[in-house]
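Chain by chain, the residues run as shown.
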Amino acid sequence: MVELRRSEKEALRLYVHLGARPRVPPADGLDEKVRTALQPGNRWVLYLNEEQIASVAYAFYLYSVGGSVAEANRFAREYGVAFHTCRCSRKNDPQVLPQN
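Reading the values: the criteria
Numbers given for residues are sequential positions, taken from 1 along each chain in its written order. Side-chain atom pairs in this predicted model are given and counted only at pLDDT of 80 or more, local residue features only at pLDDT of at least 70, and totals for whole chains, interfaces and linings cover all residues. As a convention, hydrogens and water are excluded, and side-chain values are obtained from all of the structure's heavy atoms. When a carboxyl oxygen of Asp or Glu is within 4 Å of a side-chain nitrogen of Lys or Arg, the pair counts as a salt bridge. Here a strand is any run of E in DSSP of at least two residues, a helix any run of H or I of at least four, and the numbering for each starts at the N terminus. With a 1.4 Å probe rolled over the protein chains alone, any residue whose accessible area is under 20% of its type maximum counts as buried; one over 50% counts as exposed, and the rest are partly exposed. Here, nonpolar core refers to any group of buried Ala, Val, Leu, Ile, Met, Phe, Trp, Tyr and Cys residues whose side-chain atoms link them within 4.5 Å. Here, two residues are considered to be in contact whenever any of their heavy atoms come within 4.5 Å of each other. What a helix is expected to span follows from its residue count: subtract one and scale by 1.5 Å. Throughout this description, a polar contact denotes any pair of N or O atoms lying within 3.5 Å of each other; where both atoms belong to protein, one of them has to be capable of donating a hydrogen while the other can accept it, and for residues adjacent in sequence the pair is counted only when both atoms sit in side chains. Axis definition: a line fitted to C-alpha atoms, over the contacting stretch in the case of helices. Angles run 0 to 180 degrees between N-to-C directions. Working definition: roughly parallel below 35 degrees, roughly antiparallel above 145 degrees, roughly perpendicular at 65 to 115 degrees, and oblique for all remaining angles. In a left-handed crossing the near helix is turned counterclockwise from the far helix by less than a right angle, and in a right-handed crossing that turn is clockwise. Each residue is assigned to one class: nonpolar for Ala, Val, Leu, Ile, Met, Phe, Trp, Tyr, Cys and Pro, charged for Asp, Glu, Lys and Arg, and polar for all the others, Gly among them.

Caption draft 1: Examining the pattern of salt bridges more closely. A full pass over the atoms with the stated rule returns 3 salt bridges. Two residues, Glu 8 and Arg 74, come together in a salt bridge whose shortest N-O distance is 2.6 Å. Here Glu 8, found in helix 1 (residues 6-18), pairs with Arg 74, found in helix 4 (residues 70-79); they are 66 residues apart in sequence, far enough to count as distant. Comparing Glu 8 with Arg 74, the two get one shared label, buried. In this structure, Arg 13 engages Glu 10 in a salt bridge whose closest nitrogen and oxygen atoms are separated by 2.6 Å. Pair noted here: Arg 13 and Glu 10 are both in helix 1, with a separation of 3 residues, about one helical turn.

Below you can see the structure in the form of structure tokens.
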């Protein structure tokens, strides 16, 4: 279970809307999870698998490049998942690293 604030859900919705255009497209089924998210209080609740959680971390990373890093930082702090690019190779391949 992942709980998102309004700004986080909007960033994720934008990423899902892009579909296959980003270098790392959204995980399978993430678009449906975002569309059917529940809002029992002031946060949106999504039930995601590990691949979808990694995809959310990537979405917040992309959002941080052109906007706010708050979403990515909170997600890493709350759920222990952050997206980092590999600076050790020229390929700059994405890696999802667990945070301690």
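Caption draft 2: Molecular detail of the nonpolar core. Counting 21 residues, the largest nonpolar core has Leu 12, Phe 60 and Phe 75 as its most contacted members. Contributing elements (two or more residues each) for this core: strand 1 (2-4), helix 1, helix 2 (30-35), helix 3 (50-66), helix 4 and strand 3 (81-85). Element by element, the count of residues in this core is highest for helix 3, at 6 residues. Among residues more than four places away in sequence, those in contact with Phe 60 are Leu 4, Glu 8, Ala 11, Leu 12, Glu 71, Ala 72 and Phe 75.

Caption draft 3: How the structure looks around helix 3. Given a rise of 1.5 Å per residue, 17 residues ought to cover 24 Å, and the 25 Å separating the end C-alpha atoms of helix 3 matches this to within 8%. For helix 3, the complete set of buried residues consists of Gln 52, Ile 53, Ser 55, Val 56, Ala 57, Tyr 58, Ala 59, Phe 60 and Ser 64. Where helix 3 begins, the side chain of Asn 49 points an oxygen toward the backbone nitrogen of Glu 51, at a separation of 3.1 Å.

Caption draft 4: The arrangement of the packing of helix 3 against helix 4 in detail. Helix 4 packs onto helix 3 with a crossing angle of 150 degrees between their chain directions and a minimal axis gap of 7 Å. Accordingly, the angle class assigned to the pair helix 3 and helix 4 is roughly antiparallel. Here the hand of the crossing between helix 3 and helix 4 comes out left-handed. Residues Ile 53, Val 56, Ala 57, Phe 60, Tyr 61 and Tyr 63 of helix 3 form the contact with helix 4, whose own contacting residues are Glu 71, Ala 72 and Phe 75. A class-by-class count of the residues in the contact of helix 3 with helix 4 yields 8 nonpolar, no polar and 1 charged.

Read these as layout, nothing more, since geometry by itself doesn't imply function.
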